[in-house]
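Okay, here's what each chain looks like letter by letter:
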Amino acid sequence: MPELPEVERLRLTLLPHLLGATVLSGTLKRRDYCTVVGEDGAVQKGPVSEEALLVGGAINALSRKGKQLAMTTADGRVAVIHLGMSGQVLFSVGTRAPRANHQHVEWLLRRGDETEGTMVFRDPRRFGGLWSYPSMEVLERTAWSKLGPDGLTSPLSQLEGSLRRVAQGGERPSARSIKMALLDQALIAGVGNIYADESLFLAGIRPDRLCRELTLEDVARLARAVRQVLGDAVTKGGSTLKDYRDANGAGGTAQQTHMVYGRGAEACRMCGSRLKWSFQQRTTVFCGVCQR
DNA sequence: AGGATAGCCTGCGGGC
DNA sequence: TGCCCGCAGGCTATCC
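Keep in mind the model is a prediction, meaning the values are calculated, not measured.

Draft legend 1. Region of interest: empty space enclosed by the protein. Under the counting rule described, the total for this entry stands at one cavity of 30 Å³ or more. In this structure, the largest cavity occupies an estimated 40 Å³ of space. Of the residues that constitute the lining of the largest cavity, the class distribution is three nonpolar, two polar and two charged.

If you want it as C-alpha cells, here you go:
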C-alpha cells in the first residue's frame, strides 16, 4: 500500500544511486507494463523502444507528485513509476539483481563512481506500471496537472484551499464523505487509505461526515493533520505492512504508531473505547468518541 | 457531471 | 495438509 510517504522514501533512497548515473540498458519483461505517451498526449501500449526506457540518458532528477515518481534524463526524457499497491523498486550494486518473481522492468546503470548497478521494478499485483513521456512538459500537461496539490510539499494554504472547495461555504460543496474525498488524487495528491484514516483521526473528524457539512475550522484542522501525518510517516520510513520496501530493501516503522488503520475492534489509543469499522467503499477504521 | 461501482491482479489467512 | 473463498487497495472505465 505505497502512498505518498512510501514513494517519497523510495525517491530519497534511490537518489544517491541514480543521480548522474547513465542508463546502459532497459528491459521490459512484460510488454503491457509500460505505456508510452506521445507529444500530443496520445497513449500507446505494447512494444517499447529503448528510448522510452531512458537508455543512453544520464539521470539528472527524481521528482514526485503524490504517489508518482518521475525519473528524468539530461536530454529531457521522463519515465514515471506508479507502485500501485504492491510495487517495489530495488537497487543493487553490480550487474545482476537478486532474482524474484514478478520483475517487470530492469535497468542496468553506470553510476557516477563508475560502478555498475541494477534497478528492478517488481509488482506482483500489477496495479502499478511504468509510463514514458517525451518531456516533463508533457507529463505536467497531460497528467500531473490533473492532480491536486502534493500532500507533503505544497503550501498548507493549498491543501486547505482544496478541501475548502468541497466544504461548507466552498465553490462546489460535495455530497461525498470526507473519507472518499481524501482518497481523490485530484483534490490532494498522495493520500491513500492508511493516511486518510490516520489524518481524520488526528483531526477528530468522522470519516462519514459529508464534505459539504464540514466547517472551515474542520477544514483547517484536517489540512494540518494531513500534512503532519504524511511528514511523520516519511520520517519513520513509511509503513511496511507487507510488501513495502525502500530502494535498499529496508522497511519502514510508521505502522507501529498507527492510531486507527488496521486496528479495527481494538482499543482507541486516546480514549480506550473500541474502534469501529465502516465501509466507505474502502475499509475504514475510526473512533466514535474521538472523532465527531 | 458528480458520485457510486466494477474490475484489474496476486498473495495470504481463515475455515473446513 | 490442502483447497476454496474472501479480502487487501490505487486507479480507470463505466454506469446511473
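That shown, we press on.
Draft legend 2. Geometry of the side chain of H104. Relative to the helices and strands, H104 resides in strand β8 (residues 103-110). Here the side chain of H104 touches D123 through a polar contact of 2.9 Å, landing on its backbone oxygen. Dropping the residues within four chain positions of it, H104 is found in contact with T27, L28, K29, R30, Y33, F121, R122, D123 and R126.

Draft legend 3. Structural view of the layout of surface pockets. The calculated volume of the largest pocket comes to roughly 650 Å³. Every residue lining the largest pocket is counted, 25 residues in all, and those nearest its centre are P2, K67, G84, M85 and G192. Here the residues of the lining of the largest pocket are counted per class, giving 13 nonpolar, eight polar and four charged. Each of two domains, domain 1 (4-146) and domain 2 (156-286), supplies a minimum of three residues to the lining of the largest pocket. Of the voids in this model, the second largest pocket is the one considered here, and its volume is about 250 Å³.

Draft legend 4. Seen up close, the pattern of salt bridges. Inspection of the entire model under this criterion finds 15 salt bridges. Two residues, R141 and E137, come together in a salt bridge whose shortest N-O distance is 2.8 Å. Here R141 and its partner E137 are both found in helix α2 (residues 136-142), four residues apart, which amounts to about one turn of the helix. Among the residues examined, E137 registers a relative accessible area of 43% and is labelled partly exposed.

Draft legend 5. Just the domain arrangement of chain A, in detail. Per the domain assignment, the segments of chain A are domain 1 (4-146) and domain 2 (156-286). For domain 1 versus domain 2, the distance between C-alpha centres works out to 28 Å. Of the residues lining the interface, 20 residues belong to domain 1; the matching set on domain 2 comes to 22 residues. Surface buried jointly by domain 1 and domain 2 totals about 1,700 Å² across both partners, of which 57% is contributed by carbon and sulfur atoms.

Draft legend 6. Main features of the nonpolar core. The biggest cluster of nonpolar side chains holds 31 residues, and the ones touching the most others in it are L163, I178, L182, V191, Y195 and L222. At the level of elements, α3 (156-166), α4 (178-183), α5 (193-203) and α6 (216-235) are the ones that each hand at least two residues to this core. With residues up to four places along the chain from it excluded, the contact list for V191 reads E3, K67, L182, L183, Q185, A196, V226 and L230. Ranked by size, the runner-up nonpolar core spans 27 residues in total, among them L10, A21, I59 and M71.

Draft legend 7. Expanded view of the packing of α5 against α6. Where α5 meets α6, the axes come as close as 8 Å, and the angle between the chain directions of the two elements is 125°. With respect to their mutual orientation, α5 and α6 come out oblique. Judged by the twist between their axes, the crossing of α5 over α6 is right-handed. Two secondary-structure elements touch here, α5 through Y195, E198, S199, L200, L202 and A203 and α6 through R221, L222, A225, V226, Q228, V229, L230 and A233. For the contact of α5 with α6, the class distribution of residues is 10 nonpolar, two polar and two charged.

Procedures and definitions
- Residues numbered from 1 in each chain as written.
- Chains lettered and ligands numbered in written order.
- Predicted model: local features only at pLDDT ≥ 70, side-chain atom pairs only at ≥ 80, totals over all residues.
- Heavy atoms only, no water.
- 1 Å grid on protein atoms, 1.4 Å probe; cavity = no way out; pocket = protein on both sides within 12 Å on 5 of 7 lines; lining within 4 Å.
- Points joined across faces, edges and corners; volume = space filled by probe spheres on them.
- Nonpolar A, V, L, I, M, F, W, Y, C, P; charged D, E, K, R; others polar.
- Helix = DSSP H or I, 4+ residues; strand = E, 2+ residues; numbered from the N terminus.
- Polar contact = N/O pair within 3.5 Å; in protein donor to acceptor, adjacent residues only side chain to side chain.
- Contact = heavy atoms within 4.5 Å.
- Domains from an automatic or database assignment.
- Salt bridge = Lys/Arg side-chain N within 4 Å of Asp/Glu carboxyl O.
- Buried < 20%, exposed > 50% of the residue type's maximum accessible area, 1.4 Å probe, protein only.
- Buried area = accessible area lost by both parts, 1.4 Å probe.
- Core = buried A, V, L, I, M, F, W, Y, C linked by side-chain atoms within 4.5 Å.
- Axes fitted to C-alpha atoms, helices over the stretch in contact; angles between N-to-C directions.
- Parallel < 35°, antiparallel > 145°, perpendicular 65-115°, else oblique.
- Left-handed = near helix turned anticlockwise from the far one by under 90°.

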